[in-house]
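Summary of the model geometry
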Amino acid sequence: MLQLPARTAVIVIDMQRDFCSPHGAFARAGIDIAANQGIVAPANAFVGQLRAFGVQVVWIKQLASPHHMSPAIGRRLRRAPERLDLCRHGSAGAELAEGLQVEASDAIVEKYRYSAFFGSSLDQVLRSGGVQTVVLIGTAANGCVDSTARDAAQLDYDVVIAEDLTGYTDAALASASLKNLDRHFAFVCQSTDILSHLG
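These remarks concern the structure in this document. The model shown is predicted, which means the values in this text are computed figures rather than measured ones.

Reading the values: rules and limits
- The written sequence of each chain sets the order in which its residues are numbered from 1.
- For a predicted model such as this one, the threshold for reporting local features is a pLDDT of at least 70, and the threshold for listing and counting side-chain atom pairs is 80 or more; totals across whole chains, interfaces and linings nevertheless cover every residue.
- Based on all heavy atoms of the structure, the side-chain values leave hydrogens and waters out of the count.
- One side-chain nitrogen of Lys or Arg within 4 Å of one carboxyl oxygen of Asp or Glu is enough to make a salt bridge.
- What counts as a helix is a DSSP run of H or I of at least four residues, what counts as a strand is a run of E of at least two, and both are numbered from the N terminus.
- Exposure is judged per residue with a 1.4 Å probe applied to protein chains only, and the accessible area is read against the type maximum: over 50% gives exposed, under 20% gives buried, and values in between give partly exposed.
- By definition in these notes, contact holds between two residues if any of their heavy atoms fall within 4.5 Å.
- Between the first and last residue of a helix there are one fewer steps than residues, each counted as 1.5 Å, and that sum is the expected span.
- Summarising the geometry, the arc corresponds to the directions from the helix axis toward the C-beta atoms.
- Polar contact is defined as a pair of N or O atoms within 3.5 Å, subject to the rule that within protein one atom must be able to donate a hydrogen and the other to accept it, and that residues adjacent in sequence are counted only when both atoms are side-chain atoms.
- All axes here are fitted lines through C-alpha atoms, helices being fitted over the stretch that makes contact, and every angle between N-to-C directions spans 0 to 180 degrees.
- Angle categories are assigned with fixed cut-offs, so that under 35 degrees is roughly parallel, over 145 is roughly antiparallel, 65 to 115 is roughly perpendicular, and the rest are oblique.
- The classification used treats Ala, Val, Leu, Ile, Met, Phe, Trp, Tyr, Cys and Pro as nonpolar, Asp, Glu, Lys and Arg as charged, and all other residues, Gly among them, as polar.

Before going further, it helps to examine the pattern of salt bridges. As enumerated under the stated definition, the model contains six salt bridges in all. Close ionic contact of Arg127 with Asp123 constitutes a salt bridge, the shortest N to O distance being 3.0 Å. With Arg127 and Asp123 both in helix H6 (residues 122-128) and four residues apart, this pair spans about one turn of that helix. In this structure Arg127 comes out as partly exposed when scored by relative accessible area, which is 43%. Judged by its relative accessible area of 24%, Asp123 falls in the partly exposed class. In this structure, the salt-bridge partner of Arg150 is Asp146, at a minimum N-O distance of 2.5 Å. In this pair, Arg150 and Asp146 are both assigned in helix H7 (residues 144-154), four residues apart and thus about one turn of the helix distant.

Next comes the structure, spelled out in structure tokens:
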């Protein structure tokens, strides 16, 4: 049963132009971004509704720079060279997707690895606000959402994932990841379930 303790934050993962825009790096490489693009507008509406309930909003931005590119990462990306150009620091592709509205009360956290917690200030931001529960939305279900959910669970946060607001470029991998996360690390549900609980 879905339970949200008093202090909740919504973490919006990697909703950036390179992943979600028809002019971004993924689309230019011929990758199907329909699922990512399709959640931009509903994710923005969902965030606005949660913000109105007093939920802390945290936007996660994936970044890449030569200073954070290790030889190991380069070797792992040898079969996906288009990912080397994703979200370059200072590029248009690293900006949040068109249609997403950031308010002054929101936090923006930058990361250089899959998990939004690894090497970032996210845990400090959440602890400073007394957050107990994190609601995850964004992309990709089998990559950065998966990694972030696992780390959040290991850090003793209650983890909720809005399945209908979670993007992907491979539906089969996304489905398998969400099923596994629901079994071991998170409560996977629909965004309407979350809104109904808060309401």
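Now that the structure has been shown, we can carry on.
Along the chain, Lys61 falls in strand S2 (residues 56-62). Its relative accessible area of 12% is what places Lys61 among the buried residues. Residues within four places of Lys61 in sequence aside, it is in contact with Asp14, Gln16, Ala94, Glu95, Leu96, Ile108, Val109, Glu110 and Lys111.

Let's shift gears to helix H8 (residues 171-184). Taking 1.5 Å per residue, 14 residues should reach 20 Å; H8 reaches 20 Å between its end C-alpha atoms and fits that length. Turning to H8, its buried residues number three or more, namely Ala174, Ser177, Leu178 and Leu181. An end-on view of H8 places all buried positions within 100° of arc, on one side of the element. Structural note: H8 exposes Ala172, Lys179, Arg183 and His184 on the side pointing more than 90 degrees away from its buried face. Where the residues of H8 are buried, they touch H7, strand S5 (158-166) and strand S6 (187-189). The N-cap residue of H8 is Asp170: its side-chain oxygen and the backbone nitrogen of Ala172 are 3.1 Å apart.

Attention now goes to the packing of H7 against H8. Where H7 meets H8, the axes come as close as 10 Å, and the angle between the chain directions of the two elements is 10°. Judged on the interaxial angle alone, H8 and H7 are roughly parallel. Seen from H7, the contacting residues are Asp146, Ala149 and Arg150; seen from H8, they are Ser177, Asn180 and Leu181. Here the residues of the contact of H7 with H8 are counted per class, giving two nonpolar, two polar and two charged.

Distances and angles like these do not, on their own, reveal function.
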